[in-house]
Amino acid sequence: MSTEQRGLSGRRAVCPGSFDPVTSGHLDIIERSAYLFDTVVVAVGTNMSKNALFAPQERVEMLVEACRPWPGVEVRLFSGLLVEFCAAHDIAAIVKGLRFVSDFDYELQMAQMNKQLSGIDTVFMPTAAQWSYVSSSLVREVATLGGDVDQFLPPQVAARTAERVRQRAAETG
Ligand code: PNS
């Protein structure tokens, strides 16, 4: 069945997240979304947590570089409610990757809240088995404690992560 027949023609989807940093698991979801939708907007949340490794603008830079192979993918910062971002950018669906059943509990709650707030639907996409145990928070923890995280990250993100961890270690002594 063609994209037009499925009713997805001209449709814009959002892949929201913190992306601190973007992992190969995120990129797999973004790439597969880019095949299903005409435009995918990768929305980088600007809420800074205390243990953030990268500033929001740095995360955007890394995503822009990593998403270069897919012409239908845009990267933007967002703050506030995701549904308001979706309304402002003419977005028809939210795409969320699901790694395991425990992801589903919280994601379902958010999907239903977002649906109630704005009518927007969420599409759940199973994460590739290869990346099912990978998360940005685990990557940050492993990298900070001296482990090798290169295998979970696109090359330029791996290099910037190693550099940032070195910087942080030098700052904190
Ligand atoms: O990568 P993360 O940290 O799982 O991303 C979470 C994010 C940014 C997608 C989520 O926290 C979010 O949608 N934040 C926007 C604020 C919002 O709309 N909250 C209500 C959700 S029902």
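- The name recorded for the protein chain in an unreviewed UniProt entry is Phosphopantetheine adenylyltransferase, from uncultured Propionibacteriaceae bacterium.
- In its Catalytic activity (unreviewed entry) section, the UniProt record describing the protein chain reads: "(R)-4'-phosphopantetheine + ATP + H(+) = 3'-dephospho-CoA + diphosphate".

## Concerning the site of the ligand
Here comes step 1: If you check the shell around the ligand, you find Pro16, Gly17, Ser18, Phe78, Gly80, Leu81, Leu82, Met110, Met113 and Asn114 and nothing else.
Here comes step 2: In this structure, Ser18 approaches the ligand through a side-chain N or O atom, which is 2.6 Å from an oxygen atom.
Here comes step 3: For the ligand, whose free accessible area comes to 550 Å², the fraction covered by protein is 65%.
Here comes step 4: Only β1 (12-17) and α4 (101-118) provide two or more residues apiece to the shell around the ligand.

## Some words on the sheet that holds strand β5 (residues 121-126)
Here comes step 1: Taking strand neighbours across the sheet as the criterion, the five strands line up as β3-β2-β1-β4-β5 in an open arrangement whose pairing is parallel. Here the strands that pair on one side only, and so sit at the sheet edges, are β3 (73-78) and β5. Neighbour-to-neighbour, the strand axes of this sheet turn through a mean angle of 30°, independent of strand direction.
Here comes step 2: Pairing analysis gives six bridges linking β1 to strand β2 (residues 39-45), with the strands arranged parallel. Residue pairing for β2: Cys15 is matched across the bridge by Val42.

## So, the packing of aromatic side chains
Here comes step 1: Counted under the stated rule, the structure contains three aromatic pairs.
Here comes step 2: A ring pair is formed by Phe78 and Phe85, whose centres lie 5.6 Å apart and whose planes are at 55°; its orientation type is tilted.
Here comes step 3: Summarising the aromatic geometry, the rings of Tyr133 and Phe152 are spaced 6.0 Å apart at their centres and angled 90° between planes, so their arrangement reads as edge-to-face. With a gap of 19 residues between them, Tyr133 in the loop between β5 and α5 (136-144) and Phe152 in the loop between α5 and α6 (155-172) connect regions that are remote in the sequence.
Here comes step 4: A residue is classified by how much of its surface remains accessible, and Phe152, at 13% relative accessible area, is buried.

## So, the pattern of salt bridges
Here comes step 1: Within this structure, the stated rule accounts for 13 salt bridges.
Here comes step 2: For the salt bridge of Glu58 with Arg160, the shortest nitrogen-to-oxygen distance reads 4.0 Å. With Glu58 in helix α2 (residues 56-66) and Arg160 in helix α6, the pair connects residues that are 102 residues apart, well separated along the chain.
Here comes step 3: Overall, the relative accessible area of 16% leaves Glu58 in the buried class.
Here comes step 4: Residue classification places Arg160 among the partly exposed positions, given a relative accessible area of 29%.

Quick notes on the rules
- Residues numbered from 1 in each chain as written.
- Predicted model: local features only at pLDDT ≥ 70, side-chain atom pairs only at ≥ 80, totals over all residues.
- Heavy atoms only, no water.
- UniProt positions renumbered as here; feature names shortened; annotations may be inferred.
- Near = heavy atom within 4 Å.
- Polar contact = N/O pair within 3.5 Å; in protein donor to acceptor, adjacent residues only side chain to side chain.
- Areas by Shrake-Rupley, 256 points an atom, 1.4 Å probe, with all protein chains shown as cover.
- Helix = DSSP H or I, 4+ residues; strand = E, 2+ residues; numbered from the N terminus.
- Pairing = 2+ DSSP bridges.
- Axes fitted to C-alpha atoms, helices over the stretch in contact; angles between N-to-C directions.
- Phe/Tyr/Trp six-rings, centres within 6.5 Å; stacked < 30°, edge-to-face > 60°.
- Buried < 20%, exposed > 50% of the residue type's maximum accessible area, 1.4 Å probe, protein only.
- Salt bridge = Lys/Arg side-chain N within 4 Å of Asp/Glu carboxyl O.

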